[in-house]
Amino acid sequence: MKILIDTNIFLDFYRSNSASIHIFSTLIENIDKFILTDQIIQEFERSREGVIKSVQERFQIESKLDNFSSSYLQNLPEFKKLVDIQRQYSAQQKIVSSSISEILKNSAKDPIANYFKEFVNESLKRDKVYFTTDEIISKAVKRKNIGNPPTSSKFSLGDEINWEIILANIHEDIILVGRDNTYINNLTFLQKDFHKQTGYNVVDLTERISVALEKAGIEITEALIKEEDKVIEDLKHYDEFWKFKAQVE
């Protein structure tokens, strides 16, 4: 049984303040169980900047302090101390924002990017990355034109390409890990499509990596579950909550 993790699941780690070392280490330890495509790798790399910028903008809005304005309070020593604290806060806020900008410019300072890179490198080392071909693109275009799911937004073919790669290369049952409407709203169609073309089954669709790991017979730790619970909880505070697809295209 193989597991496909949608790109947005990886990008969700940027929207959480939880560490993800247990999740990524488990992925790396079980490379053979995962479906990783060159399309997913490219989607992550080109979407990383936009997601981090969104995090930075959110930080700047949420950490903003309004200036104090009261001529009556100006001479109070307590008020002067408060103004000094505000200046220190503003200075530290700029330092944090600058650190985020540095991560944007240098992915080596980005822990999530480093985890993902390690996952990719280990997959490449074991020849476990599936690549797009001209035939895959042709079939993806046809799928897009016909309107068969999974469907990417606008003029992108990302989801279509990933699905055609799976149909061409995977000859065993699969589990989908994703929070996108293209999977949620079309699961029955995808199950029939996969079975018709491969003879195997889409066993499940889940938004949790831990659930997929368990169904694939991989032992998971309590630390991994807690880590993922924290990520899910953090995502609920975002406008683009996990049931609504982020723009990875």
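Our subject is the structure that appears above.
Analysis parameters
- Residues numbered from 1 in each chain as written.
- Predicted model: local features only at pLDDT ≥ 70, side-chain atom pairs only at ≥ 80, totals over all residues.
- Heavy atoms only, no water.
- Helix = DSSP H or I, 4+ residues; strand = E, 2+ residues; numbered from the N terminus.
- Expected span 1.5 Å × (residues − 1).
- Buried < 20%, exposed > 50% of the residue type's maximum accessible area, 1.4 Å probe, protein only.
- Arc of directions from axis to C-beta.
- Polar contact = N/O pair within 3.5 Å; in protein donor to acceptor, adjacent residues only side chain to side chain.
- Salt bridge = Lys/Arg side-chain N within 4 Å of Asp/Glu carboxyl O.
- Pairing = 2+ DSSP bridges.

Novice: I'd like a description of helix α9 (residues 187-198), backed by residues and values.
Specialist: In a regular helix each residue adds 1.5 Å, so twelve residues correspond to 16 Å; α9 covers 16 Å between its end C-alpha atoms and thus fits that length. Of the positions making up α9, those classed as buried are Leu190, Asp193, Phe194 and Thr198. All buried residues of α9 project into a common sector of 100° when viewed along the axis, lining one side. Exposed and facing more than 90 degrees away from the buried side of α9 are Thr188, Lys192 and Lys196.

Novice: So what's going on with the environment of Ser152? Which residues, and what values?
Specialist: Relative to the elements of secondary structure, Ser152 occurs in the loop between α6 (134-146) and α7 (158-169). Residue classification places Ser152 among the buried positions, given a relative accessible area of 7%. Taking the C-alpha atoms as reference points, Ser152 and Val202, 50 residues apart in sequence, are found 20 Å from one another. A polar contact is formed between the side chain of Ser152 and the backbone nitrogen of Gly158, at a distance of 3.2 Å.

Novice: Can you break down the pattern of salt bridges residue by residue, with the values?
Specialist: Where charged atoms of side chains with opposite charge meet at close range, the side chains can pair. Per the stated rule, a full pass over the model turns up 17 salt bridges. Put simply, Asp193 and Arg143 hold a salt bridge, and the shortest N to O gap is 2.9 Å. On the criterion of sequence distance, the pair formed by Asp193 in helix α9 and Arg143 in helix α6 is long-range, its members being 50 residues apart. Here Asp193 matches Arg143 in class, with each residue buried.

Novice: Help me get a handle on the sheet that holds strand β4 (residues 174-177), residues and values and all.
Specialist: Ordered in space as β3-β2-β1-β4-β5, the five strands form an open sheet in which the pairing is parallel. At either margin of the open sheet sits one strand with a lone partner, and together these are β3 (129-130) and β5 (202-206). Across two bridges, strand β2 (residues 34-37) lies against β3 in parallel orientation. Looking at β3, one finds that Leu36 is bridged to Val129.

Take it as geometry only, folks, not as evidence of what the structure does.
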